[in-house]
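Summary of structural features
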Amino acid sequence: MNVPKRCFDVIFSLLLMLLLWPLLLWSMLGVLRNDGGPIFYGSERMKTPHQSFTLWKLRTMRPDTADHGVTGGGKSARISEYGAKLRARRLDELPQLWNILRGDMSFVGPRPELKTYVEAAPELFSEVLKCRPGVTGMATAVYHRHEAELLLKAPSQQETEEIYRRRCLPQKARLDLTYREHQSMCFDLVLIAKTFGLVADVRWGRQGHRPSKRISRPPHSDQ
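The following refers to the structure shown.

Procedures and definitions
- Residues numbered from 1 in each chain as written.
- Predicted model: local features only at pLDDT ≥ 70, side-chain atom pairs only at ≥ 80, totals over all residues.
- Heavy atoms only, no water.
- Axes fitted to C-alpha atoms, helices over the stretch in contact; angles between N-to-C directions.
- Helix = DSSP H or I, 4+ residues; strand = E, 2+ residues; numbered from the N terminus.
- Parallel < 35°, antiparallel > 145°, perpendicular 65-115°, else oblique.
- Contact = heavy atoms within 4.5 Å.
- Nonpolar A, V, L, I, M, F, W, Y, C, P; charged D, E, K, R; others polar.
- Phe/Tyr/Trp six-rings, centres within 6.5 Å; stacked < 30°, edge-to-face > 60°.
- Buried < 20%, exposed > 50% of the residue type's maximum accessible area, 1.4 Å probe, protein only.

1. Remarks on the packing of helix α1 (residues 3-35) against helix α2 (residues 81-89)
Where α1 contacts α2, the axes come no closer than 9 Å and their chain directions differ by 155 degrees. As far as their axial angle goes, α2 and α1 are roughly antiparallel. In this structure, α1 contributes W26, S27, G30, V31, N34 and D35 to the contact, and α2 contributes Y82, G83 and L86. Of the residues in the contact of α1 with α2, the class split is four nonpolar, four polar and one charged.

As structure tokens, this is what we get:
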């Protein structure tokens with residue numbers, strides 16, 4: 001275990017919980033008021049190639065019992081208007097502070113993938129998941145916009161899956177392995193700062209304009 005990194009995760013997650021609980025409560029009430037229940041969405045993710053955990057988010061999409069895989073153009077119509085606002089500001093990910101505090105995740109690391117993708121590429125993820133999964137990471141900071149553009153162009157879930165498995169997963173894995181080689185607390189802080197900068201860009205745009213209605217956040221999951 002990387003003790004300094006774990007200490008940072010615990011202290012910073014507790015601090016953010018204390019500071020952001022009104023924002024989380026406001027967001028929860030917004031989901032309930034605009035979209036009804038359930039408020040939270042739990043997704044099985046992998047913290048190691050053989051160990052899973054439940055990643056928590058605020059629900060941003062209309063429920064579908066047959067749902068699976070990453071979100072692309074075929075699923076974008078299920079994202080609610082209020083859910084799109086949460087996604088654009090990444091407020092739907094606030095419940096992951098609990099995942100960090102529990103030790104399921106870190107602030108920085110490879111995004112935790114769905115079980116189906118990990119099982120399909122065990123050799124690849126045996127290397128990627130030597131780092132604890134993170135809310136953000138090098139792949140998120142560098143690749144997320146290109147990934148979102150690729151997947152949103154896919155008109156069906158089948159095409160979304162093909163693009164994600166063939167093009168996105170290998171590229172993200174390369175970035176995650178590069179992060180592992182250069183991991184340090186300073187590098188983690190740079191990636192956290194980069195992520196906050198990306199959120200600001202999505203919200204207002206670099207020229208001060210409001211964003212389009214298309215969702216440009218990274219489509220990590222079925223939510």
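On we go from here.
2. Things to note about the packing of aromatic side chains
The tally for this structure, following the rule as stated, stands at six aromatic pairs. Pairing F12 with F107 gives two aromatic rings, centres 5.0 Å apart and planes at 50 degrees, and the pair type is tilted. Taken together, the residues F12 in helix α1 and F107 in strand β3 (residues 106-108) connect sequence positions 95 residues apart. Overall, the relative accessible area of 9% leaves F107 in the buried class. Site record: aromatic cluster; members linked through ring pairs are F8, F12 and F107.

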